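If you want the building blocks of each chain, they are given just below.
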Amino acid sequence: MTEGTATPRWVDRVLTINGWIVFLFLYLPILVLVAYSFSGSSTVGIWGGFSFQWYRQMFGNEALMDSLRNSLVVALISTVVATVLGTAAGIAIDRYRRWLGRRTFDALLYLPVIIPDVTMAIMLLLWFTTINLALGLSTIIISHIAFNISFVAIVVRSRLAHLDPSLEEAAMDLYASRWKTFRRVTLPLIMPGVLGGALLALTLSLDDVVITQLVQGPGATTLPVFVFGLIKRSVTPEINAVSTVMLIASMVLVFVSLGFQRRGERYD
Amino acid sequence: MTLLDDKPDRDTEAANPELERKAERAESWRGFFHALPSFVYLIFFFALPLVIVLVVSFSGRKGTGSPSFDDWTLDAYRKLFDTTVLRIAWRSLTMATLNTVICLAIGYPFAYWLATRSKQSTRNLLLVLVLIPFWSNFLVRTYAWRILLDSDGPITRIGEATGLWGKLLFTQPAVFLGLLYGYLPFMVLPLYAALERMDWSLVEAGRDLYATGWGAFRRITWPLSRPGVIAGSILVFIPSLGAYVTPAILGGAKTTLLGDYIVTQFTSARNWPFGSAVSVVILTVMLIATLVYFRTGARTL
């Protein structure tokens, strides 16, 4: 691709223009949103001079801060549990080729990834009411773990697929126990995958609206669901401020995950 | 300890078939136990809920909308053929299809451009620029369009000034824009992955054998990037079909899609069996789409 033999110059020029238009399309709406969050006007869409007032109002909003706290609790617990279970699942699928139920498990592991959010939300809501589990923070956490396990497992699995199993065999030939082999050889090698999966789980948990909205109980909601409710009622500049903070949080997560990836590449 | 119970059977593995079988059995148990916790979890909080949706879709309905398991009926499925429902289903299907096609039409040249930048560092930088919207909160990204399309929003004002369009918010085009904006990155990433790891010397070989630029693309690049095309299409089509947040924020009464229609059945409309039946239909479509994916995916390999 370096020689450019494949694409004539005029095609490349058209592609470049298209490329920058797409980037503009992807970024302009976000930038407008961020700009308006600093507007002093209380009408969304009218610039009223630079101001931090919406951020101040946001931090003073008790209900919003409660939902933020809930979001963090849900995200942390579901990420930790899903990372442990998902990593074991990834190892089970990639490192052990023959065991009872492997194919069923493989299919079951992929379904939560491709199923639409709405359907998963309905499924869980019906299930929780069937088994008489009271809706609340716990059902939100259970649901988030349910969809996060698969994402972690897939990321860990693809990492394992690139690893040479002979490294682990060598460790065991040198009299390392299975646990020691795992701790000292396998885990450090798949760590970028595990952390990448965990970050994905964290992001998905912090972003989820649809599933949480249906399985939440009275009085316990997460930040995105709270904001979703605000947006549906009426648009206020305070939402712009919250949105900007959420965008910055996602961006930080992107860079952290890229950092892990780069570290992973150095290992190889 | 481990020295004693691990080592001998590894060494004599090949020599003694009895021990070999034993080791194999131990190995398969180990695999099973690694999977066990998540297996149980997913059966309990995924597989069984899936079964429940199927069961409820055939159940009767109490006054509160929740299912009654005393009488069984096909009412929910019969209701699927109401004109209102068919209209919503048709709208969802066309929107999802159109979105997939347009995402592909915009995303393919875009991914091609990203993948053909000659410097690795340029490619990495551009990739990060794609990853940021991909990872950013979907709700927030949809909300951004709410502002742009609002009555005082920039896009509305441009439309009014030029006389080209009026207020778009709560209309079909607004929902479509939201879907396109929301899912475009999901198309670009798999396409980029497919094109980036492609062996471009094949294209050069084709050109050396007097293929035209277009011919080389049609016969070499496009077939080789097919897995990316299929993966991207699935990643856009399925969530577009079940879209909930986008129509809820950017749409109005006349733009209901299957996703928000289902949720309504569980909230204000109070008809759980019917909501479940619609979900079963979506699940079936999704399953067919995925099977097609794995079939064609296998053929291209």
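Quantities reported herein were computed from a predicted structural model and do not represent experimental measurements. (Residues numbered from 1 in each chain as written. Chains lettered and ligands numbered in written order. Predicted model: local features only at pLDDT ≥ 70, side-chain atom pairs only at ≥ 80, totals over all residues.)

As for the environment of F260 of chain A
Residues and elements named next belong to chain A.
Step number 1: When you line up the elements, F260 lands in helix 11 (residues 237–267).
Step number 2: The class for F260 is partly exposed, based on 18 C-beta atoms found within 10 Å.
Step number 3: The spatial distance from the C-alpha of F260 to the C-alpha of L199 is 9.9 Å, given a sequence separation of 61 residues.
Step number 4: Other than its neighbours up to four places away in sequence, F260 contacts P192, L195 and G196. (Helix = DSSP H or I, 4+ residues; strand = E, 2+ residues; numbered from the N terminus. Buried ≥ 20, exposed ≤ 12 C-beta atoms within 10 Å, placed from the backbone. Contact = placed C-beta atoms within 7 Å.)

Concerning the packing of helix 9 (residues 201–208) of chain B against helix 10 (residues 213–241) of chain B
Residue and element names in this part refer to chain B.
Step number 1: Where helix 9 contacts helix 10, the two axes come as close as 10 Å, and the packing angle between them is 145°. Seen along the crossing, helix 9 lies across helix 10 with a hand that is right-handed. Note on element contacts: helix 10 touches helix 9 through A216, R219, I220 and T221, opposite L202, V203, G206 and R207.
Step number 2: Split by residue class, the contact of helix 9 with helix 10 holds four nonpolar, two polar and two charged. (Axes fitted to C-alpha atoms, helices over the stretch in contact; angles between N-to-C directions. Left-handed = near helix turned anticlockwise from the far one by under 90°. Nonpolar A, V, L, I, M, F, W, Y, C, P; charged D, E, K, R; others polar.)

With respect to the confidence of the model for chain B
All names here are of chain B.
Step number 1: Taken residue by residue, chain B gives an average pLDDT of 87. The fraction at 70 or more is 93%.
Step number 2: Across chain B, helix 4 (residues 83–115) holds the top mean pLDDT of 95, while helix 1 (residues 2–12) sits lowest at 47.
Step number 3: Per-residue pLDDT stays below 50 along residues 1–9; that stretch engages in seven contacts with residues further than four places along the chain or on separate chains.
Step number 4: Model confidence for the complex is summarised by a pTM of 0.89, with the ipTM given as 0.90. (pLDDT = per-residue confidence, 0-100.)

Concerning unusual backbone geometry
Step number 1: The backbone of N132 of chain A sits at a positive phi, close to 60°, despite the residue not being glycine.
Step number 2: Tracing the backbone through its elements, the reader meets N132 of chain A in the loop between helix 5 (117–130) and helix 6 (137–161).
Step number 3: For F170 of chain B, which is not glycine, the phi dihedral falls at a positive 70°.
Step number 4: In this fold, F170 of chain B is placed in the loop between helix 7 (154–162) and helix 8 (172–196).

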